[in-house]
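# Understanding the architecture of this molecule
These are the residues of each chain, in order.
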Amino acid sequence: MQDKRIKWLNNANMTSWWLSWDDLRWPADDVITRWERRADIYQQAGVNAVTTFGIHFRWDWLNYFDKYDAMLRNLVEICHARGIKVIDHHSNQLTHHIRTQADRVRIANLQDHHLPLFPDSWEKQTINGKKLADWRMVSAKTKEPVYIETYCAEAFCPNNPDYQAEYYAYLKRLVKNTGIDGVMSDDTAFHPDIYSCACEHCRKKFEQRTEELLPEVDDLTFWENYESPLFQEWIQMRYESIADFYQGVKNSLSPEIALFACSCNDPMPHKVRQGCSMELWASSMDFIFAEMYHAFGLEDHLDDIICDLATVSSIAGYTDKQALILAYSDDIKILNQWATLCQDYGARPWFCRQVRKIPVILEEETLKRGYPEVKVDAAKPYGCGIVHSRKLKNKSAEADRTYYNNFKEIVITMHNSGYRPQIIFDDLKPDNPQYKTIYVPMHDKLDNAMKQYLSTTGCNIKTGL
């Protein structure tokens, strides 16, 4: 049950609070004055919650934790004086790392909004006697730390007990020192592919689960053999590892501190390689949150956006929590369109400017004439059910979009017909559906548990449109 002290989530008019390189001059008077001016604009616009953006790859800032705590505490004081809640948003596991000058250039040009102040070497970084370099995920292919090319980054393993202990302790410290109202703990996943992580802790967890050693990478009866029951155990272990990590995050926070974590494109097949499933870690969250990736536009990617909306709103309904959507735009007309979509699906918006766009148009400029209205109690009622089985998705290679495309076609058809679909998952299902029809793409390939459930609903089961 949601703690009554975070009921404000259900009426949050959220936007971003960007921290820039210039903000690091804090406590300079002009920085504080600028923060106060921004908070005044937000208050007048109807904003009542902000989520920070900027000091993102948090462990890169290990040597500046005290400075950030003091900055954030001052920001919280300014916002609280105006009735604005503050969420701290950070990446809990990604860490910038360069191999060449080209990596440094790429980070400077594409990741500058993350304020990448990263150390020259993780070998030199320790906390409480523990080397952060030892936390890194390891590739089964190379037996070396994994590298995420898109971010020029490495990542810490959610199964590493030292990393878990220090991150959970960090969150307690952050809350105590700053007075924040919530945490958005971002990016927990197994990057960059299905071969991570093969560190000693992941290998041990797999062995305890299956009584088998993790096969060598040249064993093709296992690796990328989606029909192999043993490989399916590897996939499920990675899902559960992330769910367990987030439960640890929740346990480390007091009940009045709101927690949410990022999901993006949850129904898509590439989530299998990442080990991400909102369905499995929703119980640890206070918001059910989905980021609409910043390149997603309402014209070019509307179908994928609707699938995400249907997914997040359904999970929120099952867990009796508020859905939250991160929507990127610096055009108030587009934000109004996002507001309409959010309202139809019972979601609250988090409006954020476009990143990597020059010139920068900040949220206080876009929202200065008022925050778009969203009435979550005006959401459309569920008009049908649509099955999306993670277990079936797990049996397809990540490049195979057949199941997702079949699912998406039904979702979009129902949406265009004026229906809000309730998505039915392996672990989250309605006990008594209040509609007549459930659509079931690829019904013949579902497992027996889902088929048995469907047979008991009393609904008309349709395998296609």
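Here, the structure is the one placed above.
Model, not experiment: these values are computed from the prediction.

## Topic: the overall build of the chain
A tally of helices and strands in the chain yields 14 helices and 16 strands. What you see for the chain is a C-alpha radius of gyration of 22 Å, in line with the 23 Å of a compact globule of 465 residues. Projected onto its principal axes, the C-alpha positions of the chain cover 65 × 55 × 40 Å. Counting the 465 residues in the chain, one finds 59% classified as buried. Counting contacts in the chain only where the partners sit at least 6 residues apart, residues at least 24 apart contribute 77% of the total. Within the chain, the 65 negative side-chain charges are centred at a point lying 3 Å from the centre of the 54 positive side-chain charges.

## Focus: the side chain of Arg-238
Inspection of the secondary structure puts Arg-238 in helix α6 (residues 229-252). Residues in contact with Arg-238, not counting those within four places in the same chain, are Phe-190, Asp-193, Ile-194, Ser-196, Cys-197, Val-272, Arg-273, Gln-274 and Gly-275.

## Concerning the sheet that holds strand β10 (residues 287-291)
The pairing of strands in a sheet happens through backbone hydrogen bonds and is either parallel or antiparallel. Read across the open sheet, the eight strands follow the order β9-β8-β3-β2-β1-β12-β11-β10; overall the sheet is parallel. Among the strands making up the open sheet, the edge pair consists of β9 (258-261) and β10. Within this sheet the neighbouring strands show an average axis-to-axis angle of 25 degrees, counted without direction. Together, β1 (14-18) and β2 (49-53) form the strand contacts of helix α1 (residues 29-45), whose direction differs from that of β1 by roughly 170 degrees. Contacting β1, β2 and β3 (85-91), helix α2 (residues 65-80) runs over the sheet at an angle of about 150 degrees to β3.

Reading the values: the criteria
- Residues numbered from 1 in each chain as written.
- Predicted model: local features only at pLDDT ≥ 70, side-chain atom pairs only at ≥ 80, totals over all residues.
- Heavy atoms only, no water.
- Helix = DSSP H or I, 4+ residues; strand = E, 2+ residues; numbered from the N terminus.
- Rg over C-alpha atoms; globule rule 2.2 N^0.38 Å.
- Buried < 20%, exposed > 50% of the residue type's maximum accessible area, 1.4 Å probe, protein only.
- Contact = heavy atoms within 4.5 Å.
- Lys, Arg positive; Asp, Glu negative; His and termini not counted.
- Charge placed at Lys NZ, Arg CZ, Asp CG, Glu CD.
- Pairing = 2+ DSSP bridges.
- Axes fitted to C-alpha atoms, helices over the stretch in contact; angles between N-to-C directions.

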